[in-house]
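Fold and contact review
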Amino acid sequence: MPEGPELHLGSLYVNKMCAGVVFTGPVRKSEVSKSPDVPFTCEAYRITAISRGKEVKLTLTPMKSDEPKQRSKAGQADQAMDVVFRFGMSGCFRFTTEDELPKHAHLRFYSKETPCRVLSFVDTRRFGSWQPNGTWQPDRGPCIMFEYESFRKNVVTHLSDRTFDRPICEALLNQKYFNGIGNYLRAEILYRLNIPPFVVARSVLEGLESEDLFDNEKPVKAEDSDRVKKVKKEMGDLLRLCHTVPLEVVNLGGKGYDPQKNDYSAFKAWLQCYYVDGMKSLRDHNGRTMWFKGDPGPMATKDLKSPKVKKRAMKTEDHDYTDKKKGARGGRAHERRRWSNRESKTAKKEEVSSLKETEESEKVKTPQQKKRTAARGRKTSCAEPAAGPEKRSGRVTRQSSK
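Right, let's walk through the structure included here. Just so you know, these numbers come straight off a predicted model, no measurement behind them.

**Topic: the environment of Pro-132**
Along the chain, the position of Pro-132 falls in strand 9 (residues 129-132). Judged by relative accessible area, which is 11%, Pro-132 ranks as buried. If we skip the residues at most four places from it in the chain, Pro-132 touches Pro-36, Asp-37, Val-38, Pro-39, Met-81, Asp-82 and Val-83.

Here you go:
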């Protein structure tokens, strides 16, 4: 799932690929997407991007024209529009030729050139979304990477919030305070500080200050030096690592995020805990898998089973779970089981129907008919078993002679 670093690298990708490119016409949405239409049409406009935590904002800016006819053309946008994206589980941006348009390109911006190129928002699982004329979500906190001072202050001044009554691994996913942290980042941060994931979040954070006392650029006061050394020795500065660890992923550059090559080798080599062989995993109270080492802590889930540790790998297969693919996923074995079940159900229905018909026919028989049926049954039970073709043929002959 894309987290803060991936969304920031996505914004850098857009700015790099769209630099100097002029776009034109309407913004087009795929037929299957349930996100809103983007009511923007312009003869010539440019696209820039910026990220904040787990959101990316594209700004569509019309280019000014000296020709009055173009300026007054009906339906043409004359003001910039912001479109805010949330990537969900599989969202990313791609810039391709029109002929190479990705299968799951759900929002498309077309360039004004020949051959035409397309900037598209690709989302195979369709959990991502966008909002035209959007703004940053107000319930999201400051960005962990690029609003570091505000981020620290927001956490430290709200430690009385009930969010921090929860385990630290669950509090780290609360975007009101940790905007940009996701599943792999929380595992890496807690692992580096050797903090059990299921301890009370407040107990980990209450010794920290709203200012980064370990910042080399800020001198530490003499009266604070002993306290800083004590805190650093006991647990380190969790808030600082919430800032620096994501920046390490950003510094991997295209090696950590490249929608064209899908090369995750550098990123996998960077991981120390998440999906790493030898680490433990346990589901938190929200059902999300937490990777860790050592003791999970006193607030670990008791009634939820740990998921089986799978070999670490980055999956790149298609995850568009349509009805067609659900039917194909089972293959021929699935079809055989389905038809076998149908046949057994049909046989049972026929057997029940036959019994019902027999019972009904017995009910409507007269007393004389019932006597004849009973007599036939007695005669059949007393008859000799068939001895062979010669005796059978002889019996048939005697019956015919009579």
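Having seen it, we continue.
**Some thoughts on the sheet that holds strand 7 (residues 105-110)**
Read across the open sheet, the four strands follow the order 2-7-8-6; overall the sheet is antiparallel. Of all the strands in the sheet, the pair left with one neighbour each is strand 2 (28-29) and strand 6 (91-97). As paired elements, strand 2 and strand 7 share two bridges and run antiparallel to each other. Considered in strand 7, the bridge of Arg-28 is made with Arg-108. Relative to the sheet, helix 1 (residues 4-17) contacts strand 6 and strand 8 (117-123), its axis offset from that of strand 6 by approximately 20°.

**Considering the sheet that holds strand 3 (residues 41-52)**
Within a sheet, each strand pairs with its neighbour through backbone hydrogen bonds, oriented either parallel or antiparallel. Read from one edge of the open sheet, five strands run 1-3-4-5-9, paired in antiparallel fashion. In the strand order of this sheet, the two ends are held by strand 1 (23-26) and strand 9, each with one partner. Recorded for the sheet is a direction-independent mean angle of 35° between the axes of neighbouring strands. Where strand 1 lies against strand 3, three bridges are found, and the strand directions are antiparallel. Following the sheet pairing, Phe-23 is matched in strand 3 by Tyr-45.

Reading guide: rules and limits
Residues numbered from 1 in each chain as written. Predicted model: local features only at pLDDT ≥ 70, side-chain atom pairs only at ≥ 80, totals over all residues. Heavy atoms only, no water. Helix = DSSP H or I, 4+ residues; strand = E, 2+ residues; numbered from the N terminus. Buried < 20%, exposed > 50% of the residue type's maximum accessible area, 1.4 Å probe, protein only. Contact = heavy atoms within 4.5 Å. Pairing = 2+ DSSP bridges. Axes fitted to C-alpha atoms, helices over the stretch in contact; angles between N-to-C directions.

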